[in-house]
Amino acid sequence: MKTTGLKFLLLFVAAVFMAGCDSELSTSSLKKTLDNDVQSLTVAINKITTSSDFQLMTEMTEASQNVGMMKTPGIVEGEYMPNDTVLISLDKISGIYEYSWKRVKVNSALLRFFTRTSDNPYMIVRLPVQKVRNPKAMFGFQPADTLLTNNFEASVTDYYVFRNKVAGNEYRLTSDFSIDNTKIGTLTELRTRNKVNGFNSSSVYTLASGYTVTRTENSGDTAQSVYAISEGTKVLYEEKMVSVKVEGPMNRHRENTYSLTIGDVQIVRQRGPNSLDSARVYVDGVLQTNAKVEVVINQPDSLNQCMTDAKRDLQITFDDGTVTTVRTLMGNTVDEIGKIFRAARQASFATDIIDRIAWNIYTRK
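Residues numbered from 1 in each chain as written. Predicted model: local features only at pLDDT ≥ 70, side-chain atom pairs only at ≥ 80, totals over all residues. Heavy atoms only, no water.

Undergrad: What is the right way to look at the overall build of the protein in this model?
TA: The helix and strand inventory of the protein stands at eight helices and 18 strands. Taking contacts inside the protein between residues at least 6 apart in sequence as the whole, the part at least 24 apart equals 51%. Summed over all atoms, the accessible surface of the protein reaches about 19200 Å², with 52% contributed by carbon and sulfur. (Helix = DSSP H or I, 4+ residues; strand = E, 2+ residues; numbered from the N terminus. Contact = heavy atoms within 4.5 Å. Areas by Shrake-Rupley, 256 points an atom, 1.4 Å probe, with all protein chains shown as cover.)

Following this line, the structure appears as structure tokens:
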């Protein structure tokens, strides 16, 4: 009996001790997990922004903006819409196209800077990386161009353009990019626009370093906007907004759901029957009942209020009483994330070249 009683007492003491440990772990898990996930995200963002593939993408973005780029009118969005249907598929534009300074020197016509050199099931576009970094020099010959080599390559494995005044527009492109035969990334763009479903857009840029930058957006009665950065299957950062159209003179959307994911931590705010409920925070899917999250709107008049463009912030009160904001925890990382999404969205220089060649082939045929 004494032995049994002693065992019971030991088990009881151990249970009390473990309960205390569990309570302490529960109290600190959100703060520790969020801090660790922010650190991991900061490391990933630093790797992305300092990688050669992202730096080239940024250079392409800045150069395109500075020169005002020469995108073919309406090949994606349909600013210029002929009466007949436009349909350009990969099989109609396949082949290898080389940037040719010799043809540039002889003929200054803008659409004759690339020469089709051979057949290929895909569309391969090759040009000097110097021209990518300096598009002002793309359509002009200089004696030094004779020393350049076509060491930048865009390998288009999927391409589809459809335009019709009634049916709407569809654009699809997948292309691998490389310099000196070294892969620097893959871009996939999907866009549709019609009177029934509105506008849908998806842009996914996978860097050679293994990180993926995703930007999706769609309109309609229920609109959605997603910014995400992942490494393999692991989501490092995701900001998602879902809004619904409300009846009224302006037919504006109002926010229905907002979520921010940083690693294993997810903050979600949803609209209830009458108004937006207070945000809830989860760690690896488990609701943290003792933590409080408040959404801070920095620009109330903005329709698209997100962390990445500094239009909102999230204030967190941990269960130990300490208060901080996500922007304070992340510091400059938030601004760097915004730069990454802007670069991924605007780095259209290579796709502009592909679209221009595709449009030239279509119009000449």
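Undergrad: Is there a simple way to think about the nonpolar core in this case?
TA: The nonpolar side chains of a soluble globular protein tend to be buried, and buried together. Formed by 72 residues in total, the largest nonpolar core has its most connected members in Phe 114 and Tyr 159. Considering every element that reaches this core, the biggest residue donor is helix H1 (residues 2–50), with seven residues. (Core = buried A, V, L, I, M, F, W, Y, C linked by side-chain atoms within 4.5 Å. Buried < 20%, exposed > 50% of the residue type's maximum accessible area, 1.4 Å probe, protein only.)

Undergrad: Can you help me understand the sheet that holds strand E16 (residues 292–297) in this one?
TA: Either a parallel or an antiparallel arrangement is found when strands of a sheet pair, and the pairing is made through backbone hydrogen bonds. Taken in spatial order, the three strands of this open sheet run E16-E17-E18, and their pairing is antiparallel. Whereas interior strands pair on both sides, the edge strands pair on one side only; in this sheet they are E16 and strand E18 (323–325). Direction aside, the axes of adjacent strands within the sheet are offset by 20° on average. Pairing of strand E17 (residues 312–317) with E18 involves three bridges; the strand directions are antiparallel. In the sheet register, Ile 316 faces E18, and the bridge partner there is Thr 324. (Pairing = 2+ DSSP bridges. Axes fitted to C-alpha atoms, helices over the stretch in contact; angles between N-to-C directions.)

Undergrad: What is the right way to read unusual backbone geometry from this model?
TA: Both trends apply: most residues other than glycine have a negative phi, and most peptide bonds are in trans. Phi is positive for Asp 180, which is not a glycine, with a value near 50°. Looking at the element boundaries, Asp 180 is found in the loop between strand E6 (168–179) and strand E7 (182–194). We note that Asn 181 has phi near 65°; this positive angle belongs to a residue other than glycine. Mapped onto the elements of the fold, Asn 181 is located in the loop between E6 and E7.

Undergrad: Whenever I open this one, the pattern of salt bridges confuses me. Can you help?
TA: Think of it this way: side chains of opposite charge can pair up when their charged atoms draw near. Taken as a whole and judged by the stated rule, the model has 13 salt bridges. Between Asp 335 and Arg 327 there is a salt bridge, and its shortest N-O distance comes to 3.3 Å. Here the salt bridges do not stand alone but share partners, grouping Glu 98, Arg 126 and Glu 153 into one network. (Salt bridge = Lys/Arg side-chain N within 4 Å of Asp/Glu carboxyl O.)

Undergrad: What should I look at first to understand the packing of aromatic side chains in this one?
TA: If you walk through the whole model with that rule in mind, you get six aromatic pairs. A centroid spacing of 5.9 Å and a plane angle of 80° characterise the contact between Tyr 159 and Tyr 171, whose relative ring orientation is edge-to-face. Of this pair, Tyr 159 sits in strand E5 (residues 152–164) while Tyr 171 sits in strand E6; the two residues are twelve residues apart in sequence, bridging distant segments of the chain. Take Tyr 159 and Tyr 171: they sit in the same class, and that class is buried. Aromatic rings pair up to connect Tyr 227, Tyr 237 and Phe 341 into one cluster. (Phe/Tyr/Trp six-rings, centres within 6.5 Å; stacked < 30°, edge-to-face > 60°.)

Undergrad: Help me out: how do you make sense of the environment of Asp 35 in this one?
TA: Its location among the elements puts Asp 35 in helix H1. We classify Asp 35 as partly exposed; its relative accessible area is 35%. Between the C-alpha atoms of Asp 35 and Met 330, which are 295 residues apart in sequence, the distance is 9.0 Å.

Undergrad: Explanation requested: the side chain of Ser 94 in the structure shown.
TA: In this structure, Ser 94 sits in the loop between helix H3 (90–93) and strand E2 (95–99). For Ser 94, a relative accessible area of 16% puts it in the buried group. Within the structure, Ser 94 has its side chain in polar contact with the backbone oxygen of Asn 120 (distance 3.4 Å). Among residues more than four places away in sequence, those in contact with Ser 94 are Arg 116, Asn 120, Pro 121, Tyr 122 and Met 123. (Polar contact = N/O pair within 3.5 Å; in protein donor to acceptor, adjacent residues only side chain to side chain.)

Undergrad: Honestly, the environment of Arg 191 in this entry has me stumped. Any pointers?
TA: Here Arg 191 shows up in strand E7. Remark: the alpha-carbon pair of Arg 191 and Val 161, spanning 30 residues in sequence, is separated by 9.6 Å. Among the polar contacts made by the side chain of Arg 191, one reaches the side chain of Glu 189 at a distance of 2.5 Å.

Honestly, it's all geometry; don't read function into it.
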